[in-house]
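Each chain is listed here by its residues.
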Amino acid sequence: MDHEPHSQEHGGEGVELPLPTAWPIVAAFGVTLMALGIVTSLIISLVGIMLGLIGAVGWFNEVFPSPKHEFLPYAAPEVRAAAVKVSPRKIRHVSMGESSHRTYYPLKVHRYSSGVYGGLAGGAAMAILAMLYGLVVQHSIWYPINLLSAAGLPSMTDATVETLDQFHLGALLVAVVSHGILSILIGLLYTVLLPMMPARFEWFWGGIITPLIWTALLVPMFSVVNPTMAAHVDWIWFVICQVSFGLVGGYVVFKQAKVETMQSWSMAARLGLHAIEGEDKE
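Computed from a predicted structure; not experimentally measured.

**Some points on a nonpolar patch on the surface**
Part 1 of the argument: Taken together, Trp23, Ile54, Trp59, Phe60, Val63 and Phe64 make up a surface patch of nonpolar side chains, about 570 Å² in accessible area.
Part 2 of the argument: It is helix α3 (residues 42–63) that contributes the most residues to the nonpolar patch, four residues altogether.
Part 3 of the argument: With respect to the secondary-structure elements, Trp59 resides in helix α3.

As structure tokens, then:
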């Protein structure tokens, strides 16, 4: 029997809603089993087909030939929610670029080439200080170079201080390549980080705080990546070298020209479209 009562028949105000039914859940579960059986077993797919058909037939009977509804009266006036108060204020939409408005930060970023230059400059400053440490403390500029190469050369893993003070061509090549690649990668990272830092304190965050953070992250890794460096490194000089990289590399990146992001461009400019001017009609 169809349940299609009207508000007049119930003598009050209310709303008619579809009668709750569980058949859609049965049909959905059947479809899920059908898909599951593709990767498991044919039997599961057959069970899913049966449940899907049963759920579909049951659901069909609930809505045809006429949908079944139930009448729900409105709540009493004293327990209804209060009316929503409409504010007289209006929202003014700010246009792109107006009052320094932007959709995301920053407005300008450094080119990737800036990161390459900054990384090479910072790496050079770091290398000079490291070799200065080797010359003053160990009386050999090859000492820090051989320490750095120990991460990639097995022959340097158990090297003594006397061995580290000597020149090794393979160690020099490994140290130069690894130091250069890491310097460039960190320089590229600076191109992303510096524009998001406060402009007045970029030198502080990029040149001092950031190197101290990555130094603290590197310390526990040295015993695994480079045990030789962990055993022989002078941590005070190591931190000084890291900060010198941050100051020099960050300064070079900061002084490079910035380019605007595409957030203020039109859609045609972002797609690289060029308008073709038509001929003037006489």
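**What about helix α5 (residues 142–149)?**
Count 3.6 residues to each turn of an α-helix, and residues three or four apart come out pointing the same way.
Part 1 of the argument: Most of α5 is tucked away: six of the eight residues are buried.
Part 2 of the argument: When α5 is considered as a whole, its buried residues turn out to be Tyr143, Pro144, Ile145, Asn146, Leu147 and Ser149.
Part 3 of the argument: Looking at the buried positions of α5, the neighbouring elements they touch are α4 (112–137), α6 (161–164), α7 (169–193) and α9 (227–232).

**Digging into the packing of aromatic side chains**
Part 1 of the argument: Scanning the entire structure with this criterion turns up four aromatic pairs.
Part 2 of the argument: Ring centres of Phe60 and Phe64 lie 4.8 Å apart, and the angle between their planes is 25°; on these two criteria the pair is classed as stacked.
Part 3 of the argument: By relative accessible area, which is 47% here, Phe60 ends up partly exposed.

**With respect to the layout of surface pockets**
Here the idea is plain: a probe the size of a water molecule rolls over the atoms and shows the empty space left.
Part 1 of the argument: Computed from the structure, the largest pocket encloses a volume of approximately 1,000 Å³.
Part 2 of the argument: Along its surface, the largest pocket is lined by 40 residues, and Met126, Leu148, His179, Met229 and Phe238 are the ones closest to its centre.
Part 3 of the argument: Of all the secondary-structure elements, those providing two or more residues to the lining of the largest pocket are α4, α5, α7, α8 (202–225) and α10 (235–255).
Part 4 of the argument: Take the lining of the largest pocket: its biggest share by element is eleven residues, from α7.
Part 5 of the argument: In the lining of the largest pocket, the residues fall into 30 nonpolar, nine polar and one charged.

**Some remarks on the environment of Lys108**
Part 1 of the argument: Here Lys108 shows up in strand β3 (residues 108–110).
Part 2 of the argument: Along the sequence, Lys108 and Met196 sit 88 residues apart, while their C-alpha atoms lie 9.7 Å from each other.

**A word on the packing of helix α2 (residues 23–39) against α3**
Part 1 of the argument: Axis separation between α2 and α3 bottoms out at 7 Å; the angle between their running directions is 160°. Classified by the interaxial angle, the pair formed by α2 and α3 is roughly antiparallel. For α2 against α3, the interelement crossing comes out left-handed.
Part 2 of the argument: Of the residues assigned to the contact of α2 with α3, the class counts are 18 nonpolar, seven polar and one charged.

**Examining α2**
Part 1 of the argument: Its 17 residues give α2 an end-to-end C-alpha distance of 26 Å, which sits within 8% of 24 Å, the value for a rise of 1.5 Å per residue.
Part 2 of the argument: Those residues of α2 not exposed but buried are Ala27, Gly30, Leu33 and Gly37. Down the axis of α2, the smallest arc covering the buried residues is 120°, so these residues share one side. Exposed and facing more than 90 degrees away from the buried side of α2 are Ile25, Val31, Ile38 and Val39.
Part 3 of the argument: Where α2 is buried, its residues touch α3.

**Topic: the packing of α4 against α5**
Part 1 of the argument: Here α4 crosses α5 at 120°, and the two axes come no closer than 6 Å. Here α5 runs oblique to α4, going by the angle between their axes. Facing α4, whose interface residues are Ala130, Met131, Tyr133 and Gly134, α5 presents Tyr143, Pro144 and Ile145.
Part 2 of the argument: Considered class by class, the residues forming the contact of α4 with α5 number six nonpolar, one polar and no charged.

**Brief notes about the nonpolar core**
Part 1 of the argument: By size, the foremost hydrophobic cluster in this structure holds 13 residues, and its most contacted members are Tyr143, Leu147, Met156, Leu164, Met229 and Phe238.
Part 2 of the argument: Setting aside residues up to four positions removed in sequence, Leu164 forms contacts with Trp142, Tyr143, Asn146, Leu147, Met156, Ala159, Thr228 and His232.
Part 3 of the argument: Of all hydrophobic cores here, the second largest spans nine residues; its members include Tyr190, Met197, Trp214 and Cys241.

Each value, and the rule that gives it
- Residues numbered from 1 in each chain as written.
- Predicted model: local features only at pLDDT ≥ 70, side-chain atom pairs only at ≥ 80, totals over all residues.
- Heavy atoms only, no water.
- Patch = residues over 30% accessible without salt bridge, like charges linked within 9 Å, V, L, I, M, F, W, Y side chains within 5 Å.
- Areas by Shrake-Rupley, 256 points an atom, 1.4 Å probe, with all protein chains shown as cover.
- Salt bridge = Lys/Arg side-chain N within 4 Å of Asp/Glu carboxyl O.
- Helix = DSSP H or I, 4+ residues; strand = E, 2+ residues; numbered from the N terminus.
- Buried < 20%, exposed > 50% of the residue type's maximum accessible area, 1.4 Å probe, protein only.
- Contact = heavy atoms within 4.5 Å.
- Phe/Tyr/Trp six-rings, centres within 6.5 Å; stacked < 30°, edge-to-face > 60°.
- 1 Å grid on protein atoms, 1.4 Å probe; cavity = no way out; pocket = protein on both sides within 12 Å on 5 of 7 lines; lining within 4 Å.
- Points joined across faces, edges and corners; volume = space filled by probe spheres on them.
- Nonpolar A, V, L, I, M, F, W, Y, C, P; charged D, E, K, R; others polar.
- Axes fitted to C-alpha atoms, helices over the stretch in contact; angles between N-to-C directions.
- Parallel < 35°, antiparallel > 145°, perpendicular 65-115°, else oblique.
- Left-handed = near helix turned anticlockwise from the far one by under 90°.
- Expected span 1.5 Å × (residues − 1).
- Arc of directions from axis to C-beta.
- Core = buried A, V, L, I, M, F, W, Y, C linked by side-chain atoms within 4.5 Å.

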